[in-house]
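# Report on the structure
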Amino acid sequence: MEFKAKIMDNKAIDRSLMRLAHEIIERNRGIEKVVLVGIKSRGIPLANRICDKIALIENQRVPVDQLDITMYRDDLTLKSDRPEVKESALNIPIDGKTIILVDDVIYTGRTVRAAMDALMQQGRPSQIQLAVLVDRGHRELPIRPDFVGKNVPTSSKENVKVKIVEIDGMDEVCIYQK
């Protein structure tokens, strides 16, 4: 892949996460029933960062959990001949809660569909909302994020790569040409 452009640096990511935190609080009229659930892998540190931002605003932390959706993916055998499948149990009860799924990029919507399937196996939330750092378009399923850090129109020949300091040692979002 060939580098095309850096579209977010660490400051832009931080500002977007702060805005997402404010929007989550506003839309849900507080955080009383909110649970953040990060989709493995980059959604997890993003959910934790949003939790930190909410705590700065509300002086209270929201519960954060993580979800490994590997066994719910519809492309499991396309990714590998021997995919590693792990059980994904939440540590927080979700019945009656407002679950906010957090992920780095939304593209086709298939990851989010898999995450919703995994959530519904764990309980019955009152509602599920979606927060993403980057929405690059090209949906294949009728799924739309509730909270978006940055909308980035892309072509199908481009790839959006999110780097997070907790995983990659730096914060940035770049576009690459395939």
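Here the structure is a predicted model, which is why all the values come from computation and not from measurement.

The next subject is the overall build of the protein. From N to C terminus, the protein includes five helices and eight strands. Buried residues in the protein amount to 48% of all 178 residues. Intrachain contacts of the protein at a sequence separation of at least 6 include 69% that bridge at least 24 residues. Of the roughly 9,600 Å² that the protein leaves accessible, carbon and sulfur atoms contribute 46%. Computed over 29 positive and 27 negative side-chain charges, the inter-centroid distance for the protein is 3 Å.

Going through the model one piece at a time under the given rule, you end up with one aromatic pair. Where Phe-3 meets Tyr-176, the ring centres are 5.8 Å apart and the plane angle is 75°; that geometry is what we call edge-to-face. A residue pair is termed long-range when its members are at least 10 positions apart, and Phe-3 in strand 1 (residues 2-8) and Tyr-176 in strand 8 (residues 172-177) qualify at 173 residues. Assessed through its relative accessible area of 48%, Phe-3 is described here as partly exposed. Lying over the aromatic face of Tyr-107, Arg-136 brings its terminal NZ or CZ to 3.9 Å of the ring centre.

With respect to the helices, strands and loops of the structure, Asp-68 is situated in the loop between strand 3 (64-67) and helix 3 (76-79). For Asp-68, the side chain forms a polar contact with the side chain of Thr-70, separated by 2.5 Å.

Using the residue numbers shown here, the UniProt feature "short sequence motif: PRPP-binding" (unreviewed entry) corresponds to residues 99-111. In residues 99-111, the share of helix is 15% and the share of strand is 62%. The end C-alpha atoms are 16 Å apart.

The next subject is helix 2 (residues 43-58). In a regular helix each residue adds 1.5 Å, so 16 residues correspond to 22 Å; helix 2 covers 22 Å between its end C-alpha atoms and thus fits that length. Among all positions in helix 2, only Gly-43, Ile-44, Pro-45, Leu-46, Ala-47, Arg-49, Ile-50, Cys-51, Lys-53, Ile-54 and Ala-55 are buried. Turning to helix 2, the residues buried within the fold contact helix 1 (10-27), strand 2 (34-39), strand 3, strand 4 (98-106), strand 5 (127-135) and helix 5 (165-168). Asn-59 sits one or two positions beyond helix 2 and adopts a positive phi of about 55°.

Here we take up the sheet that holds strand 2. Taken in spatial order, the five strands make up an open sheet running 3-2-4-5-6, and their pairing is parallel. Each end of this open sheet is capped by a strand with a single partner; those strands are strand 3 and strand 6 (147-151). In this sheet, neighbouring strand axes are inclined to one another by 25° on average, regardless of whether the strands run parallel or antiparallel. Sheet analysis places strand 2 next to strand 3, joined by four bridges and oriented parallel. Residue pairing for strand 3: Ile-39 is matched across the bridge by Leu-67.

Charged atoms that come close allow side chains of opposite charge to pair. Within the structure shown, the criterion is met by 14 salt bridges. A salt bridge links Asp-135 to Arg-139; its shortest N-O distance comes to 2.9 Å. Judged by its relative accessible area of 26%, Arg-139 falls in the partly exposed class.

The rules we used
- Within every chain, residues take consecutive numbers counted from 1 along the sequence as written.
- Reporting in this predicted model follows two pLDDT cut-offs: at least 70 for local features of residues, and 80 or more for side-chain atom pairs to be given and counted; totals over whole chains, interfaces and linings ignore these cut-offs and use all residues.
- Hydrogens and water molecules were not included; the side-chain quantities draw on all heavy atoms of the structure.
- Numbering of helices and strands starts at the N terminus; helices are DSSP runs of H or I of at least 4 residues and strands are runs of E of at least 2.
- Working definition: with a 1.4 Å probe on protein chains only, accessible area under 20% of the residue-type maximum means buried, over 50% means exposed, and in between means partly exposed.
- Every residue pair with non-hydrogen atoms within 4.5 Å of one another is taken to be in contact.
- Shrake-Rupley sampling with a 1.4 Å probe provides the accessible areas, and residues are treated as covered by the protein chains on show and by no other component.
- Neither His nor the chain termini are counted; the positive set is Lys and Arg, and the negative set is Asp and Glu.
- Charge positions are represented by NZ for Lys, CZ for Arg, CG for Asp and CD for Glu.
- To pair, rings of Phe, Tyr and Trp, with the six-membered ring standing in for Trp, must have centres within 6.5 Å; the planes then decide the type, stacked if under 30 degrees apart, edge-to-face if over 60, and tilted in the middle.
- Two thresholds decide whether a charge sits over a ring: the Lys NZ or Arg CZ must be within 6 Å of the ring centre and within 35 degrees of the ring normal.
- Any pair of N or O atoms that falls within 3.5 Å is considered a polar contact. Within protein, one atom must be able to donate a hydrogen and the other to accept it, and sequence-neighbouring residues count only if both atoms are side-chain atoms.
- UniProt positions are given in the numbering used here, feature names are shortened, and annotations may be inferred rather than shown by experiment.
- Helix span, expected: 1.5 Å multiplied by one less than the number of residues in the helix.
- Here, strands pair whenever DSSP counts at least two bridges between them.
- Axis lines are fitted to C-alpha atoms, over the contacting stretch for helices. Their N-to-C directions set the angle, which ranges from 0 to 180 degrees.
- Note on definitions: salt bridges are taken to be side-chain nitrogens of Lys or Arg within 4 Å of carboxyl oxygens of Asp or Glu.

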